[in-house]
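Architecture at a glance
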Amino acid sequence: MKLPELKIGPFIARIPLIQGGMSIRVSTSALAIPVAECGGIGTIGGSGVPLLELQEDIRRAKAATDGVIAVNIMYAMKEFYDLVMGSIEAGVDMIITGAGFSRDIFKIGKKHNVPIVSIVSSAAFARLAEKLGAAAIVVEAAEAGGHLGTDVPLRELFPDIRKVVTTVPLIAAGGVINGFEMAEMMDKYGADGVQIASRFVLSDECSVSQAFKETYLKAQKEDIVEVQSPVGMTGRAIKTPFIKKMEQGEDVAAPKCKFKCLKKCSYKYCINDRLMASCTGDVENGLVFCGANAYKMTEILPVKEIFKRFVRDAESVYKENR
Ligand SMILES: Cc1cc2nc3c(=O)[nH]c(=O)nc-3n(C[C@H](O)[C@H](O)[C@H](O)COP(=O)(O)O)c2cc1C
């Protein structure tokens, strides 16, 4: 059966699939444009990118597609409000925010008529986001890549949040890598759509280095580990030599803080530098964030092909039985 559309505020995605935002230029307009063209929501990672560059990227995406373009901004960023305001000024369709919780963002969204989508990992924050005016809510579970807000797996966490969110779309995120799982989340768990990130790292259009993508392709289950992030949260990443050094107790701190990017930082290492290193090809010294199921993926594909397979497989089993 045909998958339903995903309506967030005034925006309609033909395919109920949000490409998860990935910071430090992992998801730029290069990825968000083809995703939006395929009918999903293309998300530019807005954290760790200078504001003018981000605005230029949003404008590039908006000029290139009539599809839906979002920006993901982490609340943990010191420049959170400037990035939000700058993204709105650049004409982004919606703002997706996680890694902490802002109450004020909903007032800004209302004032500027921009839907705010909250990423949460608990029923309490889901309820609060709905009450404060979120246009949609993403339930991000333990299998997700990047910073983690919970250790509860998606199929345990989602039902608790499904019970409390009744008025806005509820999206499932974390570890979804194919259309069968997408249909399962929608049919069996009542999700209105899914948010997927790792699968899109292994796309032709994702702007990370080939070495970053190869690290995904080579990863075995046991190579995917949890790591302490200077943000003060746990993150999920592939065990690179940099992580091994940390585990062995080596000092990996930056000699001096160059970016002053976080509201609170442990300064154990520079997350900006380490993510940028892997994105640009120095995987040895870098941090390679990934979802728990990244090891199951074996191919780099064009975004169009990823969508084709997701929709084909999801629609072959989707029954809308709720
Ligand atoms: C490389 C990478 C970077 C990410 N960066 C961000 C980010 O900046 N902000 C955010 O809210 N989530 C971030 N995430 C989480 C994703 O947007 C997404 O919700 C999650 O990874 C979904 O799980 P999946 O990767 O298994 O599909 C990141 C994930 C990855 C893999």
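What you see is a predicted model; the values in this text were computed from it and never measured.

What counts and what doesn't
Residues numbered from 1 in each chain as written. Predicted model: local features only at pLDDT ≥ 70, side-chain atom pairs only at ≥ 80, totals over all residues. Helix = DSSP H or I, 4+ residues; strand = E, 2+ residues; numbered from the N terminus. Rg over C-alpha atoms; globule rule 2.2 N^0.38 Å. Buried ≥ 20, exposed ≤ 12 C-beta atoms within 10 Å, placed from the backbone. Contact = placed C-beta atoms within 7 Å. Expected span 1.5 Å × (residues − 1). Arc of directions from axis to C-beta. Domains from an automatic or database assignment. Near = placed C-beta within 6 Å. Nonpolar A, V, L, I, M, F, W, Y, C, P; charged D, E, K, R; others polar. Core = buried A, V, L, I, M, F, W, Y, C linked by C-beta atoms within 7 Å.

As a further point, take the overall build of the protein. When its secondary structure is counted, the protein shows 12 helices and 14 strands. A globule of 322 residues ought to have a C-alpha radius of gyration of about 20 Å, and the protein, at 18 Å, matches this closely. With respect to the three principal axes, the spread of C-alpha positions in the protein is 55 × 40 × 40 Å. Classification of the 322 residues of the protein by burial places 53% in the buried group. Looking at the protein alone, contacts between residues at least 24 apart form 65% of all its contacts between residues at least 6 apart.

Here we take up unusual backbone geometry. Even without being glycine, A99 reaches a positive phi, approximately 55°. Relative to the helices and strands, A99 is located in the loop between β6 (94–98) and α4 (104–112). Residues other than glycine seldom take positive phi values, yet Y267 does so here, at roughly 60°. With respect to the helices and strands, Y267 occurs in the loop between α10 (241–247) and α11 (271–279).

Glancing now at helix α2 (residues 51–64). The end-to-end C-alpha distance of α2 is 20 Å, a good match for the 20 Å that 14 residues give at a rise of 1.5 Å each. Every buried residue of α2 is listed here: L54, Q55, D57, I58 and A61. The buried residues of α2 occupy an angular sector of 160° when the element is viewed end-on, so they sit on one face. The outward face of α2, more than 90 degrees from its buried face, is lined by the exposed residues L52, E53 and A63. Tucked into the core, α2 has its buried residues touching α1 (29–37), β4 (41–45), β5 (68–74) and α3 (80–89).

Before going further, it helps to examine the domain arrangement of the protein. Taken as a whole, the protein is organised into domain 1 (6–206 + 297–317) and domain 2 (210–295). Its C-alpha centre places domain 1 at a distance of 22 Å from the equivalent point of domain 2. Contacts between the two partners involve 25 residues from domain 1, matched on the other side by 23 residues from domain 2. Those elements that place two or more of their residues in the side of domain 1 that touches domain 2 are β9 (146–148) and α8 (198–201).

Let's shift gears to helix α6 (residues 154–164). Every buried residue of α6 is accounted for by L154, L157, F158 and I161. Along the axis of α6, the buried residues cluster in a sector spanning 100°; they form a single face. For α6, exposure combined with an orientation more than 90 degrees from the buried face picks out E156 and K163. The secondary structure elements touched by the buried residues of α6 are α5 (123–132), β8 (136–140) and β10 (170–173).

Moving on to the environment of L301. Within the element layout of this structure, L301 appears in the loop between β14 (288–289) and α12 (303–317). A residue is classified by how many C-beta atoms lie within 10 Å of it, and L301, with 17 of them, is partly exposed. In the structure, L301 is positioned 91 residues away from Q210 in sequence and 13 Å away in space, judged by C-alpha atoms. The residues touching L301, leaving out its near neighbours within four places in the chain, are L202, S203 and I306.

Take the site of the ligand next. G20, S23, G145, G146 and G291 are the nearest of the 30 residues found near the ligand. For the shell around the ligand, the secondary-structure elements that each account for two or more residues are β5, β11 (193–196) and α8. Taken together, the residues of the shell around the ligand sort by class into 13 nonpolar, 15 polar and two charged. Each of domain 1 (6–206 + 297–317) and domain 2 (210–295) gives at least three residues to the shell around the ligand.

A few words on the nonpolar core. Membership of the largest hydrophobic core comes to 112 residues, with the highest contact counts inside it found for I95, V117, I137, V139, I171, A172 and V194. Shared between two domains, this core takes at least three residues from each, and those domains are domain 1 (6–206 + 297–317) and domain 2 (210–295). What I95 contacts, discounting residues up to four positions off in sequence, is A70, V71, I73, V84, S87, G109, V114, I116 and V117.

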